[in-house]
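Chain residues, written in single-letter form:
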Amino acid sequence: MLLSIITVSSLTGCTDMDIIYKTDYAYITQVFLFMGIFVAFAVKTPVIFLNTWLLKAHVESPLSGSVILAAVVLKLSLYGVFRLILPLVPKAFIFYTHIIFVICVITILYASFSTIRTIDVKELIAYSSVSHAAVYLAGILSNVIQGIQGGILLGLAHGFVSSGLFISGGGILYDRSSTRTINYYGGLAQIMPIFSILFFILCLANCATPLTLNFVGEFMSLYAIFERLSLAGIIGSSSIVLSAVYTIFMFNRIIFGGIFKGWYTYLPDLNKREYSILLVLVIFTVILGIYPSIILDSLNYSASTLLFGFESE
């Protein structure tokens, strides 16, 4: 990415974004710039083979680090794509759209199957983040307005839901039991009913259930992928089924799983601080899922300016 920025600066003579956007680079120049910038943001997203850092970062970091990483830092790749790739190298990313779709579909399948087999709560949520990130990356690089809007919505929804899941698994449960291993839990619905309800809503949102913001964002992103490359859209839609598999499987083992296993003598339910934090995240996820026009109406013009009319080129 640094080499790409230096190249742009040397070709244009400045780093003023307004001037850079108005410069029409040759196609071969756009290809090399795209390769440098896309690889950088593919690490940040992250996608397959470039995602090994995310797992360690989430598992080893404290709760606040995991929340900031999931809610804010991972969305910098979204911002970077909007600011650099879409307006700067449109001909190059249009030509490589199908390759991007293949990478994202492989990422979705790999991350989902890896998530199903894990037994660490934070590790599971981290891998699910990789799957959802691949969906919105493919959506915003589809050159379809629904994909751009859906990618923004899914990124926002993932910030709410993933943060809530990290607070639930890596914060509330870990503070009480000092373990993140799913096998040690079971039957928590009997002793932590309020936590179970809020955790269930967050898990449903992570599955992209209707009436949640995740559903709107994922549906629009997958629609855009399907419109550009039907096969990638069909295979990518498996993310909905696979996310339901690993999320509900995790929820069932932690909250139900038969009688409370009794590894711990007492696990208190949510206190006021924990309840307030989770409730705010749940309310935003549900309200924006029922009425996403609050955000979509303000995105129409901005998203349409990022489209590239490659048919007329």
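Look up: the structure comes first, before these words.
Not measured: the values here are computed from a predicted model.

About the criteria used
Residues numbered from 1 in each chain as written. Predicted model: local features only at pLDDT ≥ 70, side-chain atom pairs only at ≥ 80, totals over all residues. Heavy atoms only, no water. Phe/Tyr/Trp six-rings, centres within 6.5 Å; stacked < 30°, edge-to-face > 60°. Lys NZ or Arg CZ within 6 Å of the ring centre and 35° of its normal. Helix = DSSP H or I, 4+ residues; strand = E, 2+ residues; numbered from the N terminus. Polar contact = N/O pair within 3.5 Å; in protein donor to acceptor, adjacent residues only side chain to side chain. Contact = heavy atoms within 4.5 Å. Buried < 20%, exposed > 50% of the residue type's maximum accessible area, 1.4 Å probe, protein only. Arc of directions from axis to C-beta. Patch = residues over 30% accessible without salt bridge, like charges linked within 9 Å, V, L, I, M, F, W, Y side chains within 5 Å. Areas by Shrake-Rupley, 256 points an atom, 1.4 Å probe, with all protein chains shown as cover. Salt bridge = Lys/Arg side-chain N within 4 Å of Asp/Glu carboxyl O. Expected span 1.5 Å × (residues − 1). Bend = angle between axes of the 7 residues up to and from the residue.

(A) View of the packing of aromatic side chains. Applying the stated criterion across every chain yields a total of ten aromatic pairs. Each member of the aromatic cluster is reached from another via a ring pair, and the members are Tyr27, Phe34, Phe38, Phe95 and Tyr96. One Lys or Arg, arginine 180, reaches over the ring of tyrosine 174 and ends 5.5 Å from the middle of that ring. Of note, arginine 253 hangs over the ring of phenylalanine 249, and the distance from its end group to the ring centre comes to 3.9 Å.

(B) Summary view of the side chain of threonine 45. By the element assignment, threonine 45 lies in the loop between helix H3 (27–44) and helix H4 (52–60). Only 2.6 Å separates the side chain of threonine 45 from the backbone oxygen of phenylalanine 41, close enough to count as a polar contact. Filtering out sequence-adjacent residues up to four positions away, threonine 45 remains in contact with Leu74, Ser77, Ala133 and Leu137.

(C) Spatial organisation of helix H5 (residues 63–71). Listed as buried for H5 are Ser66, Leu69 and Ala70. Taken down its axis, H5 places every buried residue within 95 degrees of arc, on the same side.

(D) View of unusual backbone geometry. For the bond running from threonine 45 to proline 46, omega is -10 degrees, close enough to zero to count as cis. Mapping proline 46 onto the fold places it in the loop between H3 and H4. Even without glycine at this site, serine 178 takes up a positive phi of about 60 degrees. Structurally, serine 178 is set in the loop between helix H10 (145–177) and helix H11 (193–206). Here the phi dihedral of leucine 211 falls at roughly 75 degrees; this positive angle occurs in a residue that is not glycine. Among the secondary structure elements, leucine 211 is positioned in the loop between H11 and helix H12 (213–228). The exposure class assigned to leucine 211 is exposed, which follows from its relative accessible area of 56%.

(E) The arrangement of a nonpolar patch on the surface in detail. Judged by side-chain polarity, Leu211, Ile283, Ile287, Ile290, Tyr291 and Ile294 come together as a nonpolar surface patch covering roughly 610 Å² of accessible area. The dominant element in the nonpolar patch, judged by the number of residues it contributes, is helix H15 (residues 272–290), at three residues. Mapped onto the fold, isoleucine 283 is located in helix H15.

(F) Looking closely at helix H6 (residues 76–88). Its 13 residues place the ends of H6 17 Å apart at the C-alpha level, agreeing with the 18 Å of an ideal helix rising 1.5 Å per residue. Residue phenylalanine 82 marks the point of greatest curvature in H6, where the axis turns by about 30 degrees. Against the buried residues of H6 lie helix H1 (2–12), helix H2 (17–22), H3, helix H7 (90–95), helix H9 (121–140) and H10.

(G) Here's a closer look at the pattern of salt bridges. Across all of its chains, the model carries two salt bridges by this definition. Aspartate 120 is paired through a salt bridge with arginine 180; the nearest N and O atoms lie 3.4 Å apart. With a gap of 60 residues between them, aspartate 120 in the loop between helix H8 (97–117) and H9 and arginine 180 in the loop between H10 and H11 connect regions that are remote in the sequence. Considered together, aspartate 120 and arginine 180 belong to a single accessibility category, that of buried residues.

(H) Region of the structure containing the environment of phenylalanine 199. With respect to the helices and strands, the residue phenylalanine 199 is situated in helix H11. Among the residues examined, phenylalanine 199 registers a relative accessible area of 1% and is labelled buried. Sequence separation between phenylalanine 199 and serine 168 is 31 residues; the distance between their C-alpha atoms is 6.9 Å. If we skip the residues at most four places from it in the chain, phenylalanine 199 touches Leu165, Ser168, Met250, Phe251, Ile254 and Ile255.

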